[in-house]
Amino acid sequence: MVDHGMPCVRRKHFRGKAITALRKAGIIVDVLGEDTVGDRAQEALEACQYVNIPLLYTATHQLPFSVLKYAMTLDGKIATSTGHSSWVSSKLSRQRVLETRGRSNAVIVGGNTVRRDDPRLTARQENCHSPVRIVMSRGLDLPEEANLWDVSITPTIVMTQRGARNDLQKKLASKGVEIVEFDFLTPRDVMNYCYDCGFLSVLWECGGTLSAPAISAGVIHKVMAFVAPKIIGGVRAPSPVGELGFLEMTQALKLSNVSYEQVGPDLLISGYLYPIPGMQVDAPMWEEAPYVTGSNDEKSVIYFHKTWGFFGAFSTFSPHPVSMENDGKRISWHSVEHYYQAQKFNGVKDRMAEKFAKDIQAADCPEKAAWLGKNFARQHPDLLQPDWQQRRTGIMYEALAKKFSLYPDLRNLLLSTNSRLLVNSSPFDVYWGCGRNGMGLNQLGKLLMKLRAEFEAVEIVKLHKSSIPKYSG
Ligand SMILES: NC(=O)C1=CN([C@@H]2O[C@H](COP(=O)(O)OP(=O)(O)OC[C@H]3O[C@@H](n4cnc5c(N)ncnc54)[C@H](OP(=O)(O)O)[C@@H]3O)[C@@H](O)[C@H]2O)C=CC1
Ligand SMILES: Nc1c(N[C@@H]2O[C@H](COP(=O)(O)O)[C@@H](O)[C@H]2O)[nH]c(=O)[nH]c1=O
């Protein structure tokens, strides 16, 4: 395929003509399975897949392949507490970043990075491709003069919210900067925009304020972290990823296909937040049993997540009200999710905790109940009911048992899954779901399978009883 002898997979519809044409043009073409066989063919196939990663991700996710890159000190800071960050990583590491920029269609930073660093974000190579620079700024409180407004080398696009600082918009537009307005600026909207532009790979060089919502939105596929053997300290010094709302280590996002490379004095750690399409997940950091990948037979697995899916009723968000007993009183809940979230504060003798539980109960949809429950817990972990972490699985099980007992159709649907593995495929939840790389704990799936086994046991007893011949003396 390429002039330095790297092989490539041949597709049937290319058979013959393209290969001959390339060879005639003096390009060395190795055909897997013909010129390259055995272990080398496998290696070559992997090499091809790595080369094509942006294309594979873009095709699979319908979003450009996105890499979050940052340079941090050994104590996890990307700048000092004053925001000074030049430089955390070595010259050699920064050179690597320039090369990565040269292979990217766009580089994204947030408003703070522009205000603090006045970056150029070019690839700094003569006659070489430089990516389009994208600035995400909601308030548009950006300087009138900045390196990024010089578009003579490569374009700059400022993405903002409708109506933000029209005066500055005009000034920037007059310098040749493109302005794109969104009703509400989110990382996903920006990535959809990039996808529509035909971009295949995007490099995020922002700070933690923007990287966190980008990760939460599921638009970051790979992380490149340069770790410099330096310590800067500072409780307010920024870190590479801001608030993700996680409460326990089990929620940590685990990277797969991780590589470690020394670059000058620094260590470059790279890995994938989503499995590389078509490649086996290799997760060396995974210490718990990878429940979901336990079965090789895809047909034996039922994935559920969104309520509108075929098995959507398995989701705790499904609109099946449940009435649960509490202190001798029966209380009705709009969904299992409402009940579960409110239980976080149940029984806590505190007016605020009581109000939290009431607000969650009154939430007009399960999504709102989940959002409220998670936020309250994050802001007031002191108000969680004692031993919540230990008790929550049991609480969820009680609610599920009630839901599937109340609705015979749901019970039948659950029983119809026989012995198939049930997996909550939520990419954002590594406790109740399998997480984005399929390795989460899948607690919801496990509870449903436990419940199914209980229902089956009841069915067997019923069948047994009905098959005992009655004495008709
Ligand atoms: N060592 C390293 O690798 C790097 C270090 N840095 C350092 O980090 C610091 C800046 O990082 P940080 O403060 O986190 O800033 P970011 O670069 O993450 O920018 C945050 C800004 O992004 C804009 N934004 C647009 N949309 C959103 C959204 N949906 N959610 C959140 N923000 C959004 C906002 O701009 P607005 O306020 O304009 O609306 C927000 O203030 C600087 O000190 C810089 O030197 C930065 C990058 C890399
Ligand atoms: N501080 C820091 C980085 N910072 C990133 O590089 C940007 C500056 O790019 P430029 O103006 O083109 O040189 C800056 O705004 C931020 O996004 N990168 C790194 O590889 N290592 C570092 O130590």
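Check the entry above for the structure.
Here is a short report on the structure shown in this document. Residue indices follow the written sequence of each chain, beginning from 1 at its first position. Think of it this way: whatever chain is written first is A, whatever ligand is written first is 1, and the rest follow in order. Local features in this predicted model are restricted to residues whose pLDDT is 70 or higher, and side-chain atom pairs enter the listing and the counts only when it is 80 or higher, whereas totals over whole chains, interfaces and linings include all residues. Remark: hydrogens and water are excluded; side-chain values derive from all non-hydrogen atoms of the structure.

**Some thoughts on the overall build of the protein chain**
Next up, step 1: The way it works is that DSSP assigns letters per residue, a run of H or I at least four long becomes a helix, a run of E at least two long becomes a strand, and they are numbered from the N terminus. Helix and strand content of the protein chain: 14 helices and 13 strands.
Next up, step 2: Looking at the protein chain residue by residue over its 473 residues, the buried ones come to 47%.
Next up, step 3: Across the protein chain, every contact between residues at least 6 apart in sequence was considered, and the portion connecting residues at least 24 apart equals 67%.
Next up, step 4: Residue-level accessible areas treat just the shown protein chains as cover; the underlying method is Shrake-Rupley with a 1.4 Å probe. Accessible surface, the protein chain: about 24,900 Å² in total, of which carbon and sulfur atoms supply 55%. Accessibility here uses a 1.4 Å probe with only protein chains present; expressed as a share of the type maximum, an area under 20% marks a residue as buried, one over 50% as exposed, and anything in between as partly exposed. Two residues form a contact once any of their heavy atoms are found within 4.5 Å.

**Some remarks on the site of ligand 1**
Next up, step 1: Close contacts around ligand 1 come from 28 residues, with Thr 113, Asp 117, Ser 137, Arg 138 and Thr 209 the closest.
Next up, step 2: Distance and chemistry together define a polar contact, namely a pair of N or O atoms within 3.5 Å, with one atom able to donate a hydrogen and the other to accept it when in protein, and with adjacent residues in sequence counting only for side-chain atoms on both sides. Within the backbone of Gly 111, an N or O atom sits 3.4 Å from an oxygen atom of ligand 1.
Next up, step 3: With respect to ligand 1, the backbone of Gly 208 contributes an N or O atom lying 3.1 Å from an oxygen atom.
Next up, step 4: Considered on its own, ligand 1 offers 930 Å² of accessible surface; in the complex 88% of this is hidden by protein.
Next up, step 5: Listing elements by their share of the shell around ligand 1, those giving two or more residues are strand S1 (65–73), helix H5 (111–117) and helix H8 (208–216).
Next up, step 6: Each residue gets one of three labels, nonpolar for Ala, Val, Leu, Ile, Met, Phe, Trp, Tyr, Cys and Pro, charged for Asp, Glu, Lys and Arg, and polar for the others, Gly among them. Broken down by class, the residue content of the shell around ligand 1 amounts to 11 nonpolar, 11 polar and six charged. Throughout this document, a residue counts as near a molecule or strand when at least one of its heavy atoms sits within 4 Å of that molecule or strand.

**Side note on helix H3 (residues 53–61)**
Next up, step 1: If you check which residues of H3 are buried, you get Ile 53, Tyr 57 and Thr 58. For H3, the angular spread of the buried residues around the axis is 130°, confining them to a single face.
Next up, step 2: Those residues of H3 hidden inside the fold are in contact with helix H2 (38–51), S1, helix H7 (187–196) and strand S9 (266–272).
Next up, step 3: At the C-terminal side of H3, Gln 62 shows a positive phi close to 55°. In this description, the arc belongs to the directions extending from the helix axis to the C-beta atoms.

**Points about the sheet that holds strand S5 (residues 178–182)**
Next up, step 1: One bridge is not enough; two strands pair if DSSP finds at least two bridges between them. The nine strands lie next to each other as S5-S4-S3-S2-S6-S1-S7-S9-S8, forming an open sheet whose pairing is mixed. One side of each edge strand has no neighbouring strand; the edge strands of this open sheet are S5 and strand S8 (256–263). Averaged over neighbouring strand pairs, the angle between their axes works out to 20° when direction is ignored.
Next up, step 2: Axes here refer to lines fitted to C-alpha atoms; in helices the fit is confined to the stretch in contact. Angles between the N-to-C directions go from 0 to 180 degrees. Running over the sheet, H8 touches S1, strand S2 (106–110), strand S3 (132–136) and strand S6 (201–204) and is turned about 120° from S2.

**Description of the site of ligand 2**
Next up, step 1: Around ligand 2, a shell composed of 16 residues is seen, among which Lys 69, Ser 85, Val 88, Ser 89 and Arg 124 lie nearest.
Next up, step 2: At a separation of 2.7 Å, a nitrogen atom of ligand 2 approaches a polar side-chain atom of Ser 89.
Next up, step 3: Contact with the protein chains removes 90% of the 520 Å² of surface that ligand 2 exposes when unbound.
Next up, step 4: Sorting the residues of the shell around ligand 2 by element identifies S1, helix H4 (91–102) and H5 as the ones contributing at least two each.
Next up, step 5: The leading source of residues in the shell around ligand 2 is H4, at three residues.
Next up, step 6: Split into classes, the residues belonging to the shell around ligand 2 amount to six nonpolar, three polar and seven charged.

**Quick notes on the pattern of salt bridges**
Next up, step 1: Each salt bridge in this description consists of a side-chain nitrogen of Lys or Arg and a carboxyl oxygen of Asp or Glu lying within 4 Å of one another. Scanning the model with the defined rule gives 11 salt bridges in all.
Next up, step 2: Ionic pairing is found between Glu 205 and Arg 101, a salt bridge with its closest N-O pair at 2.6 Å. Of this pair, Glu 205 sits in the loop between S6 and H8 while Arg 101 is found in helix H4, placing the two residues 104 residues apart along the sequence.
Next up, step 3: On the basis of relative accessibility, which here comes to 9%, the residue Arg 101 falls in the buried class.
Next up, step 4: Of the charged contacts in the structure, one is a salt bridge between Asp 183 and Arg 162, with a shortest N-O distance of 2.7 Å.

**Looking at the nonpolar core**
Next up, step 1: Buried Ala, Val, Leu, Ile, Met, Phe, Trp, Tyr and Cys residues that are joined via side-chain atoms within 4.5 Å together make up what is termed a nonpolar core. Ile 108, Trp 149 and Trp 204 are the most contacted members of the largest nonpolar core, which totals 65 residues.
Next up, step 2: Setting aside anything within four residues of it in sequence, one finds Trp 149 in contact with Val 135, Leu 142, Pro 143, Glu 144, Thr 156, Val 158, Leu 172, Lys 175 and Val 177.
Next up, step 3: Core analysis: the next-biggest nonpolar cluster, separate from the first, contains 50 residues, Phe 345, Phe 356, Trp 432 and Phe 455 among them.

**So, the pairing of S8**
Next up, step 1: Sheet analysis places S8 next to S9, joined by six bridges and oriented antiparallel. Its bridge partner being in S9, Gln 262 is matched across the sheet by Leu 267.
Next up, step 2: Hairpin geometry of S8 and S9 is characterised by an intervening segment of two residues between the two adjacent antiparallel strands and by a positive phi of about 55° at Gly 264.

**As for the state of the cysteines**
Next up, step 1: Cysteine sulfur atoms that come within 2.5 Å of each other are treated as a disulfide pair. Counting across every chain of the model gives zero disulfides.
Next up, step 2: Of all cysteine sulfurs, the one in Cys 197 lies closest to Cys 194, which takes part in no disulfide; the gap is 6.0 Å.
Next up, step 3: Overall, Cys 194 belongs to the buried group, its relative accessible area being 0%.

**Let's talk about H8**
Next up, step 1: Three or more residues of H8 are buried, namely Gly 208, Leu 210, Ser 211, Ala 212, Ala 214 and Ile 215.
Next up, step 2: Check the buried side of H8 and you find it contacts S1, S2, S3, H7 and S6.
Next up, step 3: Downstream of H8 by one or two residues, Gly 218 has phi in the positive range, about 75°.

**Looking at the side chain of Gln 343**
Next up, step 1: Here Gln 343 shows up in helix H9 (residues 336–343).
Next up, step 2: On the basis of relative accessible area, Gln 343 is assigned to the buried category, the value being 4%.
Next up, step 3: Not counting the four nearest positions on each side in its chain, Gln 343 is found in contact with Trp 333, Gln 385, Trp 388 and Ile 395.

**Focus on unusual backbone geometry**
Most peptide bonds are trans, and most residues other than glycine sit at a negative phi.
Next up, step 1: Omega for the peptide link from Ser 86 to Trp 87 comes to 5°, which places this bond in the cis form.
Next up, step 2: Structurally, Trp 87 can be placed in the loop between S1 and H4.
Next up, step 3: Although it is not a glycine, Arg 124 sits at a positive phi angle of roughly 55°.
Next up, step 4: Note that Arg 124 resides in the loop between H5 and S3.
Next up, step 5: Looking at Arg 124, the relative accessible area reads 41%, which means it is partly exposed.
Next up, step 6: Phi is positive for Leu 140, which is not a glycine, with a value near 60°.
Next up, step 7: Secondary-structure assignment places Leu 140 in the loop between S3 and strand S4 (156–161).

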